[in-house]
Structures are given as structure tokens and as C-alpha cells.
Amino acid sequence: MQSVGPYRFTHMLGTCPVGKAWAAIDEQGRFATVAVLNAVAANTPGWREAFAGTANAMSQRPDGQAFTYADFYADEPWAAYPAEAGPGAEKLFRALGQEYHPVPTEQAGSPKQGDSPVPVSGVPRQPSGPPQSVSGPPHPVSAPPQPVSGAPQPVSGAPQPTSGAPIAPWALHSGALPTVPPAPMPPPADDAPQSPAPVSAAPADPPPYDPFRAPVRRIKPSEPPPRRTGLWVGLAAVVLVVAVASGVGIWAIAGNEQPDPYVPPTGASTTGSSTAAPIEPALKPWAQASLYSPEEKALAVAAPSLVFVEAVFTGYVRDARTNALVHPQPVSFIRRCSGFLLTPDGHAVTNGSCVKPAEGHARWLAVDALARMLVQGKQLPAAQISSYIAANLPKVRFTGVEPGTEPTSAVYGQLNRAKGNAVEEPAIKAEVVRSLPEDSGNTALIKLARGNLPAVELNASASLAEGSPVRILAYATSDVVFRNAEYRPQSTMVTITGTSQRGPVSIYLVNEDLGPASHGGVALDSAGRVAGLIYQDQAAPDRANRAILPASTISALLGEAGVANTLGDTDKVYRSGLDAYFRGDSSSAITQLQKAAAATPDNLLAQAYRQNATERQRLEDASRQQSSTLVLVLVGCAGVLLVALVILAVLLIRRRDR
């Protein structure tokens, strides 16, 4: 049977134009319903985002339904819901506006063709004495019933199925299907006619006259005492009214004491109210991993430090022998990658070839950009770009304004959501502090021109082994237009498939990547620390970012630059708030996360988790209040019923003593 993630499909529940709903079971034997978006819809622009956004919106609503696990970046995105919570997969497709068609199931108890009719149980009671033949069908009369000749006939016709909604597939595990009990037989009448006395051939002699025998009784029995049915009915009605009125009154009193669920908790500012607009971070860890899991916490710890890096290089393409300009206009090309902050004052690590490419690589990029400029100016056919690069690359140099000078470069960094070709806020100007060559690690240390930024901790001793899973985090985009594309942090689990050698440095190969801008991103350990840097597999034909450089190389780069990986006080407060949140201490989480959000505005996850903790505390308080109210109602009703029982007992004793 087909399976996704930890779920194995058992049977299909329903379909819609963009996907299917499945009944499934996980590795622990728990039942679930899984909504699967088909590949055609997933590859249609907007559908994958609508599927993920609708599932997340359902999870966040108080009356919604949360999924237990999901993968929105699979070829066919899917979301799983616990079966005991109802048809979550069907709800998701209907929330997407789709016409959902459940798979028909055979109703329990329905008769099948060919079943014989069921006769009425028992035989009719016959009066004693010789039967009298009656022609035709019997007619109802007000007098005692007369016997009808002939044997009783069975009721013709097959039994009809009971009405009602079909049984839901997930309800099949809760017990046997309901059956219709047979109709009870009526008891025999107490006043059934008795056998008549036999009639003789001649009349009998009349009995002798008895003067003491009167036609009427001389002594009449006393009348039985009248039943007090009305008294008991009235008393029961009074007890019922009193019990209901008491319950409603107690419920109303308790309800008036319930606090407003939207009042901000003590110690939180008004921005922490549940009525405030929800924060929309670029990455939602609770949607990328199982709720309250170590994977979600690791993402929450590291994600605020992720940086989108864009480097712009400008120079001139010159003839290598004569230094003559091959093209009079300057040539520019753009490099985009990911990075992560290691200090609160703006030091970040990224891929070296992104912000400081080697001369040969920079020259290739410049000639490629020049060829595309010529195509745009209709001076070169588009089909000849590759041949143009191959013919001119060995004969040119990429320089600055003057021969022998370096091309100019500008580096920018962005946090949270990022947009290509941005040079103003929220883009932050950066400079390259130090860079290692490609055969020595190919990493670079940059410095953003802003402080008070969220940082991540480096785990230089992290062990990566072939066959083990590891979570990667980097920037990616689904836009097809490169110039102003929008980038957001993305995360996925990958598996280490082997090792390779890049000069003296060992790298680890993985089976997936997050796209062209993911090199320089981070590979996380289970605590949300940096275990490695996402690296380009240069031995692969597509040079995809399917390799991980170990964190020990990053430590060597920091040592050469004289920079220490440090967490700021705000980073520690943020982690303390996350610790409280994931152990269920909503009050402490709100306090700590509020401090972190106020001190570091760029940490949108601190604000988002503060709101999550506030909402969770509100729901917990409402649940406790409802439980207390229910206890009061039950106690009140029990007291009223006890009083009613005492009254009934007293009345019964008085009646028995009469």
C-alpha cells in the first residue's frame, strides 16, 4: 500500500479535483486521515502555498483542527490528522473550496437481494371451543375477537433498512455496527373469551326456588383507595423544575465570574493581547515539524539567525593581452546565497564563492553576463551563449575601472523575508572580513552594519555519519523571475549518503537540497546548534547544493579572523522563553519571550511564540474555568436531587403507616 512519512495508507476515503483523502495508520498503530495534494496541482503556481496556508490556518483557529504531521514540500504535499478528531482531510479539501466526493461504503444492516422474508414470531392465541368459520378476511370489531379460520400467514416483504447517515470509515474501529432489534410481541389479553358451555339436546329442569338467593349481592366490597398518581407526577415535576432551575442558576453565576478570555495576561504588554494582529514570521517551525517536538524547538532556536546574502559585482571585460575593452559598458552579475549570524554585533558566516569568488569563477560569470547583454541588444543569438563563453573565456580578464584593479563589489544581508536586488531597508550593508579559498573550506566571514541581532551557537564537535538524518535550513524561492524574486527560509530533513574530499577538507554528501540560494545555509544538530554549512557538490553535473561542510572548518575561519562565537543576553532570554514554552509553562514563556521580542525586534519568532503562549494560556484558563463551573453545576444538582429523595422517602413512609 502507498505510504507517506510515517503513515501507511489502508484505503481511500474520498476524492476532489486536486487530491485525495486516505485512511492511514502510523508506526505506533494510531489511525489517521491524510489529505494528499496531487502532483499536477502541487506544480500549479499558488496551489502548494494555498494547501499549506489553509492547513496552518485550520490549526491556528480555536475551533479548527490541527494536523499531526505534514510535508508541504514533497512532490505531492500532504497533511495528516488524527482519526479520532474527525474527517480532518475532508475538512482541509472543503476549506480549499473543493467539491469533495466520499468513497461509497456498504451500510451495515442493509438487506441483500435474495434474503427470505422474516415471519412474525409466535402464533396468535386461539379462544377455546369449536372454531366458527368466517368467510373472507377478518374485520376488527369492538367485541371480543373471534377466531379466524386458516393458519397464520407470514408477513410478506423483505425488511426495510433503517434510515440514517452512512457509517464513517474512521468509526469502524469503535465497535460493531448498530442493528435493529425485533419488534416485541404483545402480551395475551387478560379478558380472552372463555369456552362456552356445551348445549344439550333437551332443556334441563329449572332449579328449585331458593328464597335466600337474590339476583343482586347483599354485601358489596369496599372501594379501593384512590391512586395518588397526580400527586407523584406533580412531585416529580417540581423536583425536575427545581433541579433544572438550580443548575441554570449556578451555571449563570459561575459564568458571570469567568474572566474575559481576551484580556492580556499579567506581565504582558497590550501588544501581547490575543486581539492584536498575529505575527507572521517568514518561517513557522510548528508547520515544518511535529508540534512541541525537539525538531520544532531546534528550528525555533536557529531560524532567527538565518541571513539572506546578496553580492553585486561590477567591472569591465578586457582583452588579456592588450587590456582593450571587449565591451564599452561595465558588466555586472549578482550572487545570492544564505548565511547565519554567530555574534550579536553582525558577524555572519556564508559561502566564500558567493561573496568573494575566485578570479576564474568571477571571469566566467562576467563573460556569461556580457553574452546575455549582447543577446538583449540583439547582437548575439541566444543559442550561441555557450559557444561565446567557450571562445572568449581564455582570452579576457575581468577588472575594475583601470587595468590591474579589482572589480567593485557590494554585499547586503536581509533577515526574515528577503527580496532580490534590494539596497535599502530592510537590506543591511555588509563587508567581507575574511574568506577561505575553495580548496581550504570555501567559507567567508562577513560583518553586517547593524548590531543587536539574533545569533546561533556553533557546535564544532558535531558528528555527522553516513546514513544519519540531518535537518538543513536555508533561503529558497519559488519565483521564476530572478531579478526581484522573493526569498523565505525553508527547512527539510536530508540523509547523509556519503563523503567526499575537497582539498584537505572532508565534506558530507546529502540526498536533497533547497535550491540555488541555499549554499551557505546551516545544518542543525538536535539542539538547534550549527553542525555544518550547506556546500556545493562541485563533482555533481548540476553542481547542486547537496553537501555539508563540517562546523570545525567554520571554527578555523573564526580563529583566523579573531572573532568568537558568542550569544547575547537577549539570545539567552529567548532560549529560556522557548524552554518554558516547550515544557508547558505558558506564564514564564510569555514573560521571557516578551523581553526577547522587545530587545531584538528582528527576532519575529520571539513575538510569534509569545503570541502562541498567550493563546495557549487563554485556552488553559478557559478550560479550567469550565471544569470548575461544571463541578458547581453537578454539586448543585446532586444537592437538589438528594433533597427530593428525602421528601419522597418521607411520603412513602407516611403512606405505609396509614
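None of the values given here were measured: they were computed from a predicted structure.

We now examine the overall build of the protein. Looking only at helices and strands, the protein features 13 helices and 21 strands. Taking all 658 residues of the protein together, the buried fraction comes to 39%. Residue pairs in contact within the protein that sit at least 24 positions apart in sequence constitute 65% of those at least 6 positions apart. With an accessible surface of roughly 37600 Å², the protein has 58% of that area assigned to carbon and sulfur atoms.

Right, let's get into unusual backbone geometry. Looking along the chain, the bond that leaves E425 and enters P426 is cis, with omega of 10 degrees. Checked against the element boundaries, P426 lands in the loop between β13 (418-419) and β14 (428-435). At Y292, a position not held by glycine, the phi torsion is positive, near 60 degrees. When you line up the elements, Y292 lands in the loop between α5 (285-288) and α6 (294-302). With a phi angle near 55 degrees, N442 is a residue other than glycine that sits in the positive phi range.

Working definition: the covalent bond between the sulfur atoms of two cysteines is a disulfide. Applying the stated rule across the entire model yields one disulfide. Note that C337 is cross-linked by a disulfide to C354, the S-S spacing being 2.1 Å. Its torsion about the S-S bond being -85 degrees, the disulfide of C337 and C354 is classed as left-handed. A residue pair is termed long-range when its members are at least 10 positions apart, and C337 in strand β9 (residues 331-341) and C354 in helix α7 (residues 352-355) qualify at 17 residues.

A word on the pairing of strand β2 (residues 7-16). In this sheet, β2 lies alongside strand β1 (residues 3-4) in antiparallel orientation, the contact comprising two bridges. In the sheet register, V4 faces β2, and the bridge partner there is Y7. Linking β1 back to β2 in an antiparallel pair, the connection comprises two residues, with G5 at a positive phi of about 55 degrees. Bridge count between β2 and strand β3 (residues 19-25): seven bridges; the pairing is antiparallel. Its bridge partner being in β3, C16 is matched across the sheet by G19. Between β2 and the antiparallel strand that follows it, β3, lie two residues. Judged from the two bridges that link them, β2 and strand β7 (residues 101-102) form a sheet pairing that is antiparallel. The residue bridging T15 from the neighbouring strand is H101, located in β7.

Scanning all chains against the criterion turns up three cavities of 30 Å³ or more. One number sums up the size of the largest cavity: a volume of about 100 Å³. In terms of lining, the largest cavity is formed by P281, A282, L283, A303, P304, L306, N416, Y475, P489, N603, L604 and L605. What the second largest cavity holds in volume is close to 50 Å³. Lining of the second largest cavity is provided by N56, S59, Q60, A66, F67, W286 and L291. Sort the elements by how many residues they give to the lining of the second largest cavity and helix α2 (residues 47-60) lands first, with three residues.

On to the packing of α6 against helix α11 (residues 569-582), then. Contact pair α6 / α11: the axes reach a minimum separation of 10 Å and the direction vectors enclose 160 degrees. Between α6 and α11, the angle falls in the class roughly antiparallel. Like other packed secondary-structure pairs, α6 and α11 cross with a definite hand, here right-handed. The segment α6 lies against α11, with E296, K297, A300 and V301 engaging Y574, R575, L578, D579 and F582. Split by residue class, the contact of α6 with α11 holds five nonpolar, no polar and four charged.

Its 14 residues place the ends of helix α12 (residues 586-599) 20 Å apart at the C-alpha level, agreeing with the 20 Å of an ideal helix rising 1.5 Å per residue. If you check which residues of α12 are buried, you get S586, A589, I590, L593, Q594, A596 and A597. Buried residues along α12 cover an arc of 170 degrees about the axis, so they all sit on one side.

To continue, consider the environment of V433. Position of V433 relative to the elements: it lies in strand β14. Taking C-alpha positions, V433 is 10.0 Å from V349, a pair spaced 84 residues apart along the chain. Here V433 is in contact with L445, I446 and K447, once residues within four sequence places are set aside.

A few words on the confidence of the model for the protein. This prediction gives the protein a mean pLDDT of 78; 71% of its residues lie at or above 70. The low-confidence segment residues 107-204 (pLDDT under 50) makes 44 contacts with residues lying over four places distant or belonging to another chain. Low pLDDT (under 50) marks residues 255-274, which in the prediction has 24 contacts with non-local residues, meaning those over four places away or in another chain.

A word on helix α3 (residues 88-95). By the burial criterion, the buried members of α3 are G88, A89, L92 and F93. Taken down its axis, α3 places every buried residue within 135 degrees of arc, on the same side. G97 sits one or two positions beyond α3 and adopts a positive phi of about 85 degrees.

So, about the side chain of T553. Along the polypeptide, T553 turns up in helix α10 (residues 551-561). Here T553 falls in the buried class, since its relative accessible area comes to 10%.

Here the focus is the packing of aromatic side chains. The full count for this structure, using the stated rule, is 17 aromatic pairs. Relative to W22, the ring of F9 has its centre 4.8 Å away and its plane inclined at 10 degrees; by these criteria the two rings are stacked. Of the two residues, F9 is situated in strand β2 and W22 in strand β3; the sequence distance between them amounts to 13 residues. In this pair, the class of F9 matches that of W22, namely buried.

Turning to the pattern of salt bridges, a few remarks are in order. Per the stated rule, a full pass over the model turns up 15 salt bridges. Between D368 and R372 there is a salt bridge; the shortest N-O distance is 3.1 Å. Of the two residues, D368 and R372 both sit in helix α8 (residues 359-376), four residues apart, roughly one turn of that helix. Looking at D368, the relative accessible area reads 14%, which means it is buried. Three or more residues joined by partner-sharing salt bridges are found here, namely E425, R450 and D602.

Moving on: the side chain of Q98. You can see Q98 is positioned in the loop between α3 and β7. If we ignore the near neighbours within four places in the chain, the residues touching Q98 are C16, P17, V18, W47 and F93.

Once that is clear, we can look at the environment of K297. Within the fold, K297 resides in helix α6. Residues K297 and L578, spaced 281 residues apart in sequence, show a C-alpha to C-alpha distance of 7.4 Å. What K297 contacts, discounting residues up to four positions off in sequence, is D579 and F582.

What counts as what
Residues numbered from 1 in each chain as written. Predicted model: local features only at pLDDT ≥ 70, side-chain atom pairs only at ≥ 80, totals over all residues. Heavy atoms only, no water. Helix = DSSP H or I, 4+ residues; strand = E, 2+ residues; numbered from the N terminus. Buried < 20%, exposed > 50% of the residue type's maximum accessible area, 1.4 Å probe, protein only. Contact = heavy atoms within 4.5 Å. Areas by Shrake-Rupley, 256 points an atom, 1.4 Å probe, with all protein chains shown as cover. Disulfide = S-S within 2.5 Å. Pairing = 2+ DSSP bridges. 1 Å grid on protein atoms, 1.4 Å probe; cavity = no way out; pocket = protein on both sides within 12 Å on 5 of 7 lines; lining within 4 Å. Points joined across faces, edges and corners; volume = space filled by probe spheres on them. Axes fitted to C-alpha atoms, helices over the stretch in contact; angles between N-to-C directions. Parallel < 35°, antiparallel > 145°, perpendicular 65-115°, else oblique. Left-handed = near helix turned anticlockwise from the far one by under 90°. Nonpolar A, V, L, I, M, F, W, Y, C, P; charged D, E, K, R; others polar. Expected span 1.5 Å × (residues − 1). Arc of directions from axis to C-beta. pLDDT = per-residue confidence, 0-100. Phe/Tyr/Trp six-rings, centres within 6.5 Å; stacked < 30°, edge-to-face > 60°. Salt bridge = Lys/Arg side-chain N within 4 Å of Asp/Glu carboxyl O.

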